[in-house]
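# Analysis of the macromolecular model
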Amino acid sequence: MLLHVNEGRYGPYPRIICVRCAGAESLNTDVYSPRSVLDNPSFRILGPNEKPSRDANIAAFYNPNHEIHLVEKPRPKPGPGQVLIHVRATGICGSDVHFWKEGRIGDSMIVTDECGSGHESAGEVVEVGEGVTAWKVGDRVAIEAGVPCSKPSCDYCRTGRYNACPDVVFFSTPPFHGTLTRWHLHPAEWLHRLPDSVSFEEGALCEPLAVALAGIDRCGLRLGDPTLICGAGPIGLVSLLSARAAGAEPIVITDIVQSRLDFAKKLVPGVRTVLIARGSTPKKSAEEIKAAAEGPLKFAIECTGVESSIHTAICSMQFGGKVFIIGVGKDRQMFPFMQLSANEIDVSFQYRYANQYPRAVRLVAGGLIDLKPLVTHRFRLEEAVEAFHVAADPAQGAIKVQIHD
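To keep things clear, this report deals only with the structure shown in the data block. (Residues numbered from 1 in each chain as written. Predicted model: local features only at pLDDT ≥ 70, side-chain atom pairs only at ≥ 80, totals over all residues. Heavy atoms only, no water.)

## Some remarks on the nonpolar core
Core analysis: the largest hydrophobic core is formed by 65 residues, its most contacted members being I229, L237, L240, I253, L371 and L374. For this core, the secondary-structure elements that each account for two or more residues are β13 (169-170), α5 (200-219), α6 (234-246), β17 (251-255), α7 (258-267), β19 (297-302) and α11 (357-365). Take this core: its biggest share by element is twelve residues, from α5. Those residues within four positions of I253 in sequence are excluded, and the remaining contacts are I229, G231, A232, G236, L237, L240, L261, A264, V271, R272, T273 and V274. In terms of nonpolar packing, the next biggest core, distinct from the first, is built from 25 residues, I58, I105, V111 and V390 among them. (Core = buried A, V, L, I, M, F, W, Y, C linked by side-chain atoms within 4.5 Å. Buried < 20%, exposed > 50% of the residue type's maximum accessible area, 1.4 Å probe, protein only. Helix = DSSP H or I, 4+ residues; strand = E, 2+ residues; numbered from the N terminus. Contact = heavy atoms within 4.5 Å.)

## Considering α6
What sets the pattern is the α-helix's 3.6 residues per turn: residues three or four places apart point alike. A rise of 1.5 Å per residue sets the reference length of α6, with its 13 residues, at 18 Å; its end C-alpha atoms lie 18 Å apart and thus fit the reference within 8%. If you check which residues of α6 are buried, you get G236, L237, V238, S239, L240, L241, S242 and A243. Looking at the residues trailing α6, positive phi occurs at G247, about 95 degrees. (Expected span 1.5 Å × (residues − 1).)

## Focus: the state of the cysteines
Enumeration according to the criterion identifies zero disulfides in this entry. Of all cysteine sulfurs, the one in C303 lies closest to C93, which takes part in no disulfide; the gap is 12 Å. For C93, a relative accessible area of 18% puts it in the buried group. Here C230 stays free of any disulfide, with the sulfur of C303 as its closest cysteine sulfur at 7.5 Å. (Disulfide = S-S within 2.5 Å.)

## With respect to the pattern of salt bridges
Where charged atoms of side chains with opposite charge meet at close range, the side chains can pair. In this structure the tally under the stated criterion is 26 salt bridges. Measuring nitrogen to oxygen at the nearest pair gives 2.9 Å for the salt bridge that ties D113 to R35. Of this pair, D113 sits in the loop between β8 (109-110) and β9 (115-116) while R35 sits in helix α2 (residues 35-38); the two residues are 78 residues apart in sequence, bridging distant segments of the chain. Like D113, the residue R35 is buried in the burial classification. Notably, a salt bridge pairs K372 with D370, separated by 3.1 Å at the nearest N-O pair. The partly exposed category is assigned to D370, whose relative accessible area is 36%. (Salt bridge = Lys/Arg side-chain N within 4 Å of Asp/Glu carboxyl O.)

## Observations concerning the side chain of R140
Structurally, the position occupied by R140 is in strand β11 (residues 140-143). Here R140 sits buried without a salt bridge, and the closest side chain of opposite charge, D196, lies 4.4 Å off (N-O distance). In terms of polar contacts, R140 uses its side chain to reach the backbone carbonyl oxygen of P195, at 2.9 Å. If sequence neighbours within four positions are ignored, R140 has contacts with G123, H192, R193, L194, P195, D196, V198, S199 and F200. (Lys, Arg positive; Asp, Glu negative; His and termini not counted. Polar contact = N/O pair within 3.5 Å; in protein donor to acceptor, adjacent residues only side chain to side chain.)

## Let's talk about the packing of α5 against α6
Contact geometry of α5 with α6 gives a least axis separation of 9 Å together with a crossing angle of 50 degrees. Overall, the two elements α5 and α6 adopt an arrangement that is oblique. Regarding α5 and α6, the two cross each other, and that crossing is right-handed. For the pair α5 and α6, contact is made by P208, L209, V211, A212, L213 and I216 and by I235, V238, S239, S242, A243 and A246, respectively. (Axes fitted to C-alpha atoms, helices over the stretch in contact; angles between N-to-C directions. Parallel < 35°, antiparallel > 145°, perpendicular 65-115°, else oblique. Left-handed = near helix turned anticlockwise from the far one by under 90°.)

## Focus: the pairing of β11
Burial along β11 is two-sided: the face carrying R140 and A142 and the face carrying V141 and I143 are both buried. Across four bridges, the pairing between strand β10 (residues 120-128) and β11 is antiparallel. Across the sheet, E124 pairs through a bridge with R140, a residue of β11. Here β11 runs beside strand β15 (residues 191-193); their pairing, made up of three bridges, is antiparallel. Across the sheet, A142 pairs through a bridge with H192, a residue of β15. (Pairing = 2+ DSSP bridges.)

## Remarks on the pairing of strand β5 (residues 68-73)
Of all six residues that make up β5, six are buried, and the element is covered over most of its length. Side chains I68, L70 and E72 of β5 all project onto a buried face; the interleaved residues H69, V71 and K73 project onto the opposite face, where all are buried too. Across two bridges, the pairing between strand β3 (residues 44-45) and β5 is antiparallel. From the neighbouring strand, I45 faces β5, where its bridge partner is V71.

## Things to note about the sheet that holds strand β21 (residues 346-349)
If you trace the six strands from one edge of the open sheet to the other, you get β18-β17-β16-β19-β20-β21, paired in parallel fashion. Of all strands in the sheet, those with a lone pairing partner are β18 (272-275) and β21, marking the two edges. In this sheet, adjacent strand axes meet at a mean angle of 20 degrees when their direction is disregarded. Inspection of the sheet shows strand β20 (residues 317-325) paired to β21 by four bridges, in the parallel sense. By the bridge assignment, V323 is partnered in β21 with V347. Strand contacts of helix α8 (residues 282-293): β16 (227-230), β17, β18 and β19, with the helix running at about 160 degrees to β18, the strand carrying the most contacts.

Given below as structure tokens:
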């Protein structure tokens, strides 16, 4: 590995490069370099009350000072193998809010400069670059935000686990700018065609659905498996829809907010809900979960990343059960070691997803998963800052906030 230090307007930041994939790193990260936007003379931060022109390439950016604002940036021109997309719908993810509010996720994803948000997007092709034959102007697409190096020398890309590629460009993960913008440049091979029956809203929701499908896939859930889902936020709810489509039964979902459980019940009427009381112990909550399920559960899909919730999931498992953690939490947590050991309970984790987008589009197009009810708040692109404040405020009751253009 090589350590490079880049200079940004908020100071230097480190960048680790895989030597074996250095050629791809140069190709990938140079083409989508954040500096090409930030150093462009047309890049500027808009004032709080400034109205952008209708044809301006505006975007929502955050920075190390925990500010969220609109910017104007250049409209890109597609090069060989690239496609220019008019982004029509983008969802605000919890990670977008986290980067804005906290400035980092872990030790490797740190906001060091102005950084564009958004990675749950779908849109329309408006221009294609040289050599692109799979797409034409007017095609409707879902945008897979993680673009790996795809080099034969990269073990992860070669073996299909490209979510682990060390040289991935994941749009909206610092330092790379996201897809919450009017015009987004993307590699042609990392777009997915949307059938006419699938809306841009649903196409954008295929990103969180891909997260859930990766969890269902990797935990090995099968027909009739009793399953617990911890957390009734957006990822918990798409995991609920996915588990139901996969045939899990019974399904229990937990949350600390009753309104979210009520939403889950409307989404999947057969789900069993358990409100976790604040101050309850994991063992007490687990007893309530097992009572709702009429016995221990085989799988838990943990979507909160909260230590007490993970502990509760572990205590809810049958002998030989599995707790699959999708949620993102604190760097260091305590797990009940002997509860896991004496009951042969496996604990697994997930980092993003791989090879899930085509499946997500098929499931939505075929009517097996209905994502439409998840979008509770909609804003215009010019209102993106307001949308972020709504998404970050639990009192607003938002499930999924989307921005349309």
